[in-house]
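# Structural description and commentary
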Amino acid sequence: MTLAPKELSNLLGIISEDACGNTFESLSNAFHHCFGKAEHFRVGSVLVMLLQQPDLLPSSPQRLTALYLLWEMYRTEPLAANPFAAVFAHLLNPSASGEEQEKPLSGFLPPITHPEKFFLSQLMLAPPRELFKKTPRQVSCMDVSSAPQAVDISGLQLALAERQSELPTQSKASFPSLLSDPDPDSSNSGFDSSVANQIIESLVTGPRPPLESHFRPEFIRPAPPLLVCEDELAWLNPCEPEHRVQWDRSMCVHNGTGVEIKRIMAKAFKSPLSAPQQTQLLGELEKDPKLVYHVGLTPAKLPDLVENNPLVAIEILLKLMSSSQITEYFSVLVNMDMSLHSMEVVNRLTTAVDLPPEFIHLYISNCISTCEQIKDKYMQVSVCNLSADKKSGVWCWYRLYLRNPRIG
Amino acid sequence: NLADVAANDMKHDSADSPGVSDQEKEMATNAFEAFTAGNYDESLKQLESLQELNKEDYKIAMNKAVAEFYKTGQATTGTLKQILMTIKNQVHSAVEDIDGLDDVENSILYYNQAIIHYHMRQYSEAISIGEKLYQFLEPFEEKFAQAVCFLLVDLYLLTFQPEKALHLLTMLEKLSVQGSSKNGKGDYKVRAYIQMKSLKACKREIKSVMNTAGNSAPSLFLKSNFEYLRGNYRKAVKLLNSSNIAEHPGPLKTGECVRCMFWNNLGCIHFAMGKHNLGIFYFKKALQENDHTCAQLGDAKKFTGIPMCALLANKRYELLYNCGIQLLHIGRPLAAFECLMEAVQVYHSNPRLWLRLAECCIAANKGSSEQETKGLPSKKGIVQSIVGQGYHRKIVLASQSTQNTTYSEGQSAAIPVASMEFAAICLRNALLLLPEHQQHESKPDNGSKSSSQSGSTESGSENSDACSGKGQEGDKFIPAAPSSPLRKQEVENLRCCILACSAYVALALGDNLMALNHADKLLHQPKLSGSLKFLGHLYAAEALISLDRISDAIAHLNPENVTDVSLGVSPSEQDQGSDKGDLEPVETSGKQTPLCYPSTVSSARAMMLFNLGSAYCLRSEYEKARKCLHQAASMVNPKEIPPEAILLGVYLELQNGNTQLALQIIKRNQLLPSVKPSSSPDLRKKPPPFQPGQPVQPIKMPSSFTQVQRK
């Protein structure tokens, strides 16, 4: 909302035809009585709009009042800082008054009379105090033919151009969106201020008054189309799932065997088992093919078992062959420290099952590098031990060779 | 059959064991037999006496809870969950601790917990337990191992991870080489292939399903689903109709409301056929059916009082999703918004759903969308109001940009109303949910893998990489529940659409930098449809104008930037991965591609020229602007000249000092009243190539027009 209806009627009172008999000074007083500094810009906008629409502000004294107020509101500041200074510059521009009279640009200010121009020129300079002791009506009737015509406003124009250059192009390109369209069929039956005031009110009051809108080249902005895609909607299929809570049949059946076997296994990770223990363990494993999964042998524990009880390790590994985790056991086996026991385990495995060739490759290359290390480091170690190690290593290797001729 | 359900074998049951007495063993056997016979009271009695003898074994307590649960008709899911939690906390601290084979002993406990999570739709919890169990499959008795696998398969399918499901199914086939139970596997495979949109593989599987269980509702629905995806809509309808849904036992028994599914699927089919009014009719019917089912079931949130399986019967959110999409396409964005807002509470990680919400907001703020759905410009007035009469009559021109710019004042953007501010939030979510751009030259080994991926899952190593998190192929699909996951090309299309909407929304909110940013990103997408490329240039130009970079804007407005306005990426480029191959639809009832505005290359170019004219105006190059305006006007049907263009004509006349002509243009709402190139139907065909150097065709003007030309 530019102005409240009450504010507008105050303003219209001050610039009314009737008030033009008051001096400029008293008009100024009345104005400042009604409006504070905060309202000045909004009031000024309305005054400019009225100057642009001559049918709403037809008389010269009224225009003088409007121009005076536009200047008066900001008189304490430098002229170029007055937001309406462009209005003054436009009206005083000598070239504009020449050409534009034939083709008035819509929305632009219609030309003013010579007394008005004289008065405005006076405002641009340091105006004599007695000027404001006159009334608008008196000024409008002044004979100004003798007065100097033009006042130099180039300084003002320069300042204005500078300020405008800071504005976005779009703002500079705007017109007021208010176009006069007098009906040619209707005769101008004289000015009726009450009709005019009603129109003014509909232009400047209310939410989003026409005064505030502007008109400039605008872009067509089509909205993006909806995303096109196939198979977006949720299709529902019945699938009759049968997932039910289950009874645990291992209740009270996990018996001593399991406990005992686990106890034996725990020992087997630490030290060689006695012959009866070993027989018991292997016997139970033989009885129940699923028991092997319950004995607590994880891949990480395999090296301990291999070192302490290679025979047990072989049996268990053979039983784990179908497990999905067997490759993990293999990789542990390949990567553990070389020893007679581990070689024996591998050897026995190769005789019993088909091992993946890549596993054997890896194992042999480990074998070789370990043998070399032994040579370097332990030259002094008893020849007997070494040769035993080496002999068995070579033997093992040889056996592998025979069985897997593919290995280059 | 409960006898099948029993899991761990009793072979451990050897004689003289010190821990468990013969008496206990006998009671345990009696309790189990009573349970199997459905005599839960007797079973519970045995268990109670057993508990007095044996205070150690937690399994007595668990079986007691299980028996109680069955005694109530499986209707005390919440209670059972509590008891199992307590037991588990005594046994073990966390599922993550299952790393030793010791835990095989607790497998039923974990399995039961997974089952409950599954029925409470806590799928990720259920999956994490299931995957742990899967690691120790071998010790399990075959039937239990299968139960674990099928549960996981179902969970993978429910969470749209079809590749994992397929891998598991191949594992299952191996498991049951000895066993003969093959039922159900085909169904699962078809569902997985459908999710992967591998229609060729699907066709193979569906044959065997139809051979074994051709007349059951599940197989008929699956076949219908398959035909629907191929575009054989009438066949799909026929198949649905041939399933005898009246005889279905109903949701309380099976946990599935087949009638609701039936109506929903009919809705999907009619949506795809472009018969949107029927589509909405069927979706509403499905929703009614679902509401009816839910009323029967009572409050499912309490997890008691209804059979556990029925906890999964409610399909409200799937239906709301479908309904929302359908309403959006029918031009009722506000109703669509309400449906989708409810759905997004469940499917909040679906990027496409967030885009749809934004599209609702855009459509709701666009004004009359009916014009545009027909491929015509919107008819916004150019006159806002007329003030005064006679001598005082004044015209107030309508500013199009204030019609376009919408701020919803006084509301927080976080409160979901269909505003442009909320659209911006939705679009940000959508973008965040998309994966970062991947390199476009796919690595050679990746490529070979994906090409052979559909049939060769079994060739991989035998260890459980289906459970080891994301395989490389996994990132090919982006989840989009409740729809099948998105393939790479679909993700890229989605990304383009999100960026276009983001730019549009940012412009509407006056956030020009963001708009430019989004438009630039859009224009840099490798596979961009002609239509979105056009919009990208248009939006970028408008943002640049507002940022006072007129020259940059003009570069975007070169009409040669528009070469096609199709919505899709050209079919030759599209989906290298899909194996539709020879499976083109046999029906001709093809899918409808919606028209969008502008629908032809020439109208799109005209739109660019109109905007170019506006840009020239801002640089005070009025002659160039006039040329653009006239050339553009000659390219489109006079009735399709957008209001912005007419206002540009008004502006140019006013700028020229020709108020009278400007007023005439306004009153007739026409740009060039006398020039009407007959709008031939050729207009919709491919236009002649645009030649920028070509002088503007001489346009015959009425004398009053030429008179007022300046100089």
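Per an unreviewed UniProt entry, chain B carries the name CCR4-NOT transcription complex subunit 10 and comes from Pygocentrus nattereri. Under Sequence similarities (unreviewed entry), UniProt gives the following word-for-word description of chain B: "Belongs to the CNOT10 family." According to the UniProt record, the Function (unreviewed entry) comment for chain B is "Component of the CCR4-NOT complex which is one of the major cellular mRNA deadenylases and is linked to various cellular processes including bulk mRNA degradation, miRNA-mediated repression, translational repression during translational initiation and general transcription regulation."

By the naming in an unreviewed UniProt entry, chain A is CCR4-NOT transcription complex subunit 11, taken from Pygocentrus nattereri. On record in UniProt, under Sequence similarities (unreviewed entry), the comment for chain A is "Belongs to the CNOT11 family."

Counting secondary structure elements, chain A contains 19 helices and 3 strands. Split into buried and exposed, the 408 residues of chain A put 48% on the buried side. Residue pairs at least 24 apart in sequence account for 75% of intrachain contacts in chain A once pairs closer than 6 positions are excluded. Surface summary for chain A: the accessible area is close to 19600 Å², and the carbon and sulfur share equals 56%.

What follows concerns the nonpolar core. Within the largest apolar cluster, 225 residues are counted, with the highest numbers of intra-cluster contacts made by Y228, I269 and F610 of chain B. The leading source of residues in this core is helix α24 (residues 488–508) of chain B, at 14 residues. Leaving out residues up to four positions away in the same chain, Y228 of chain B has contacts with D231, L233 and W235 of chain A together with Y233, A236, C268, I269 and A272 of chain B. One finds I14, F132 and V139 of chain A together with V396 of chain B within the second-largest nonpolar core, a separate group that totals 57 residues.

Structurally, G255 of chain B is set in the loop between α14 (251–254) and α15 (258–272). Each residue touching G255 of chain B, except ones within four places of it in the same chain, is listed here: G250, C309, A310, L312 and A313 of chain B.

Attention now moves to the pattern of salt bridges. Evaluated as defined, the whole model comprises 33 salt bridges over all chains. Notably, a salt bridge pairs D154 of chain B with R191 of chain B, separated by 3.4 Å at the nearest N-O pair. Placement of D154 of chain B in helix α8 (residues 142–158) and of R191 of chain B in helix α10 (residues 185–196) is noted, with a sequence separation of 37 residues between them. For R191 of chain B, a relative accessible area of 13% translates into the label buried. One salt bridge connects R356 of chain B with E359 of chain B, and the closest N-O pair in it is separated by 2.7 Å. Of the two residues, R356 of chain B and E359 of chain B are both situated in helix α19 (residues 351–364); the distance of 3 residues between them amounts to about one turn of the helix. Of the two residues, R356 of chain B and E359 of chain B, neither departs from the other in class, the shared state being buried. Within this structure, E232 of chain A together with R352, R356 and E359 of chain B form a network of salt bridges that share partners.

What follows covers the packing of helix α5 (residues 85–92) of chain A against helix α9 (residues 154–165) of chain A. Residue and element names in this part refer to chain A. Between α5 and α9, whose axes approach to 10 Å, the crossing angle comes to 130°. For the element pair α5 / α9, the angle class is oblique. Seen along the crossing, α5 lies across α9 with a hand that is left-handed. Of α9, the residues touching α5 (which contributes A85, A86 and A89) are L156, Q157 and L160. For the contact of α5 with α9, the residue count by class is 5 nonpolar, 1 polar and no charged.

Chain A puts 86 residues into the contact, and the matching count from chain B is 164 residues. Summing the contributions of chain A and of chain B, the shared interface buries around 11800 Å²; its carbon and sulfur component is 60%. It is F219, R221 and W247 of chain A that lose the most area in chain A upon contact with chain B, and together they represent 9% of the buried surface on that side. The interface formed by chain A and chain B holds 7 salt bridges in total. The interface formed by chain A and chain B contains 31 residue pairs in polar contact (both at pLDDT 80 or more). Of the residues forming the side of chain A that touches chain B, the biggest block, 4 residues, is contributed by helix α11 (residues 193–204) of chain A. Grouping the constituent residues of the side of chain A that touches chain B by class yields 42 nonpolar, 26 polar and 18 charged. Sheet topology places strand β2 (residues 178–180) of chain A next to strand β2 (residues 394–397) of chain B; 3 bridges connect them, and they run antiparallel.

Here we have 3 strands laid out as an open sheet, ordered β2(A)-β2(B)-β1(B), and antiparallel in their pairing. The outermost strands of the open sheet, each flanked by one partner alone, are β2 of chain A together with β1 (383–387) of chain B. The sheet shows a mean angle of 25° between the axes of neighbouring strands, taken without regard to direction.

Moving on: the side chain of K59 of chain B. Looking at the secondary structure, you find K59 of chain B in helix α4 (residues 58–71). Exposure remark for K59 of chain B: the relative accessible area of 4% places this residue in the buried category. Side-chain polar atoms of K59 of chain B contact the side chain of S250 of chain A, separated by 2.7 Å. Beyond its immediate stretch of four places on either side in the chain, K59 of chain B contacts D248, S250 and M251 of chain A together with E105 of chain B.

Moving on to helix α13 (residues 233–242) of chain B. Residue and element names in this part refer to chain B. Regarding α13, the residues found buried are Y233, A236, V237, L239 and L240. Considered in projection along α13, the buried side chains sweep an arc of 160° and stay on one side of the axis. Residues of α13 that are exposed and point over 90 degrees away from its buried face: R234 and K238. If you follow the buried residues of α13, they end up packed against α12 (217–230) and α15.

Thresholds applied
- Residues numbered from 1 in each chain as written.
- Chains lettered and ligands numbered in written order.
- Predicted model: local features only at pLDDT ≥ 70, side-chain atom pairs only at ≥ 80, totals over all residues.
- Heavy atoms only, no water.
- UniProt positions renumbered as here; feature names shortened; annotations may be inferred.
- Helix = DSSP H or I, 4+ residues; strand = E, 2+ residues; numbered from the N terminus.
- Buried < 20%, exposed > 50% of the residue type's maximum accessible area, 1.4 Å probe, protein only.
- Contact = heavy atoms within 4.5 Å.
- Areas by Shrake-Rupley, 256 points an atom, 1.4 Å probe, with all protein chains shown as cover.
- Core = buried A, V, L, I, M, F, W, Y, C linked by side-chain atoms within 4.5 Å.
- Salt bridge = Lys/Arg side-chain N within 4 Å of Asp/Glu carboxyl O.
- Axes fitted to C-alpha atoms, helices over the stretch in contact; angles between N-to-C directions.
- Parallel < 35°, antiparallel > 145°, perpendicular 65-115°, else oblique.
- Left-handed = near helix turned anticlockwise from the far one by under 90°.
- Nonpolar A, V, L, I, M, F, W, Y, C, P; charged D, E, K, R; others polar.
- Buried area = accessible area lost by both parts, 1.4 Å probe.
- Polar contact = N/O pair within 3.5 Å; in protein donor to acceptor, adjacent residues only side chain to side chain.
- Pairing = 2+ DSSP bridges.
- Arc of directions from axis to C-beta.

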